[in-house]
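Residues per chain are reported as follows:
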Amino acid sequence: MKQDRCKLWNPWAAAGWSLLFSPAFGAWLHAANWRALGRPDKAVVARRWSWLVIATILLSGVAAALFELYARHLPWLAGAALTVAWCGFPAREHCRYVWMTTGGDYRRRRWAPALLGGIAGWLLLALLSLGAATLLVGLGGVYL
């Protein structure tokens with residue numbers, strides 16, 4: 001497959017949707033784009049960003065539940081910091097790379113499956129975070 005006609009998600013749109021679904025969503029799509037562009041090394045880095053964001057959201061949610069007084073804003077702050085960091089560096093690099101290598105001439109992937117996956121992932125992450133926090137508080141967590 002020629003690199004200038006590979007099938008990609010619009011990297012700018014993926015970054016934009018990350019403002020709603022978290023950078024884990026955009027990084028996951030960028031990883032797929034990196035693979036399609038023949039850059040598996042960059043795909044690995046993008047996947048790591050996804051897992052970092054997911055772990056941070058879960059852990060900050062649990063911390064907020066356990067230490068409500070001190071950490072109630074932690075999930076929001078952690079999410080905002082990761083979004084700024086991801087959009088400012090890896091997402092920007094990917095967008096520039098796609099533009100420089102394809103000139104915008106690439107086949108577009110359909111957004112419906114990705115957006116449905118983003119909604120499902122967001123709901124699953126919210127349920128996991130809520131469930132973990134409830135379990136920990138129920139097992140003797142103390143509100144400090």
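So, how was this worked out
- Residues numbered from 1 in each chain as written.
- Predicted model: local features only at pLDDT ≥ 70, side-chain atom pairs only at ≥ 80, totals over all residues.
- Heavy atoms only, no water.
- Helix = DSSP H or I, 4+ residues; strand = E, 2+ residues; numbered from the N terminus.
- Buried < 20%, exposed > 50% of the residue type's maximum accessible area, 1.4 Å probe, protein only.
- Contact = heavy atoms within 4.5 Å.
- Areas by Shrake-Rupley, 256 points an atom, 1.4 Å probe, with all protein chains shown as cover.
- Lys, Arg positive; Asp, Glu negative; His and termini not counted.
- Charge placed at Lys NZ, Arg CZ, Asp CG, Glu CD.
- Axes fitted to C-alpha atoms, helices over the stretch in contact; angles between N-to-C directions.
- Parallel < 35°, antiparallel > 145°, perpendicular 65-115°, else oblique.
- Nonpolar A, V, L, I, M, F, W, Y, C, P; charged D, E, K, R; others polar.
- pLDDT = per-residue confidence, 0-100.
- Disulfide = S-S within 2.5 Å.
- Salt bridge = Lys/Arg side-chain N within 4 Å of Asp/Glu carboxyl O.
- Phe/Tyr/Trp six-rings, centres within 6.5 Å; stacked < 30°, edge-to-face > 60°.
- Lys NZ or Arg CZ within 6 Å of the ring centre and 35° of its normal.

Quick word on the overall build of the chain
Reasoning step 1: Within the chain, the secondary structure is distributed over seven helices and two strands.
Reasoning step 2: Ordered by position from the N terminus, the helices and strands of the chain form the series β-α-α-α-α-α-α-β-α.
Reasoning step 3: Principal axes of the C-alpha set define a box for the chain whose edges measure 60 × 25 × 25 Å.
Reasoning step 4: For the chain, buried positions account for 35% of its 144 residues.
Reasoning step 5: For the chain, long-range pairs separated by at least 24 residues make up 74% of all intrachain contacts whose partners lie at least 6 apart in sequence.
Reasoning step 6: Put simply, the chain shows about 8600 Å² of open surface, and 71% of that area lies on carbon and sulfur atoms.
Reasoning step 7: Separation of charge centres in the chain, based on 15 positive and 5 negative side chains, amounts to 4 Å.

Description of the packing of helix α5 (residues 74–88) against helix α6 (residues 90–102)
Reasoning step 1: Contact geometry for α5 and α6: axes closest at 3 Å, N-to-C directions at 30°. Of the possible angle classes, the one that applies to α5 and α6 is roughly parallel. Listed contacts from α6 to A85, W86, C87 and G88 of α5 are P90, A91 and R92.
Reasoning step 2: Among the residues making up the contact of α5 with α6, the classes are represented as five nonpolar, one polar and one charged.

Examining the confidence of the model for the chain
Reasoning step 1: Per-residue pLDDT for the chain averages 87, and the proportion of residues at 70 or more is 91%.
Reasoning step 2: Here helix α4 (residues 68–71) stands out as the least confident element of the chain, with mean pLDDT 73; helix α2 (residues 23–36) is the most confident, with 96.

Observations concerning the state of the cysteines
Reasoning step 1: Summed over the entire model, instances satisfying the criterion amount to zero disulfides.
Reasoning step 2: The closest cysteine sulfur to the non-disulfide-bonded C6 is located on C95, 14 Å from its own sulfur.
Reasoning step 3: Of the residues examined, C6 reaches a relative accessible area of 1% and is grouped as buried.
Reasoning step 4: Of all cysteine sulfurs in the structure, the one in C95 sits closest to C87, which takes part in no disulfide; the separation is 8.6 Å.

Regarding the pattern of salt bridges
Reasoning step 1: By the definition in use, this model includes two salt bridges.
Reasoning step 2: Where D41 meets R39, a salt bridge forms, and the shortest distance between an N and an O atom there is 3.2 Å.
Reasoning step 3: In this structure, K42 engages E93 in a salt bridge whose closest nitrogen and oxygen atoms are separated by 2.5 Å. Taken together, the residues K42 in helix α3 (residues 40–66) and E93 in helix α6 connect sequence positions 51 residues apart.
Reasoning step 4: Taking the relative accessible area as the measure of exposure, K42 reaches 22% and is therefore partly exposed.
Reasoning step 5: For E93, a relative accessible area of 36% gives the class partly exposed.

Here we look at the packing of aromatic side chains
Reasoning step 1: Counted according to the given criterion, the structure contains four aromatic pairs.
Reasoning step 2: Where F21 meets F25, the ring centres are 5.0 Å apart and the plane angle is 55°; that geometry is what we call tilted. Across this residue pair, the class does not change: F21 and F25 are buried.
Reasoning step 3: The lysine or arginine in question, R47, covers the ring of W28, its NZ or CZ lying 3.7 Å from the ring centre.
Reasoning step 4: Between R108 and the ring centre of Y106, over which it is positioned, the NZ or CZ distance is 4.0 Å.

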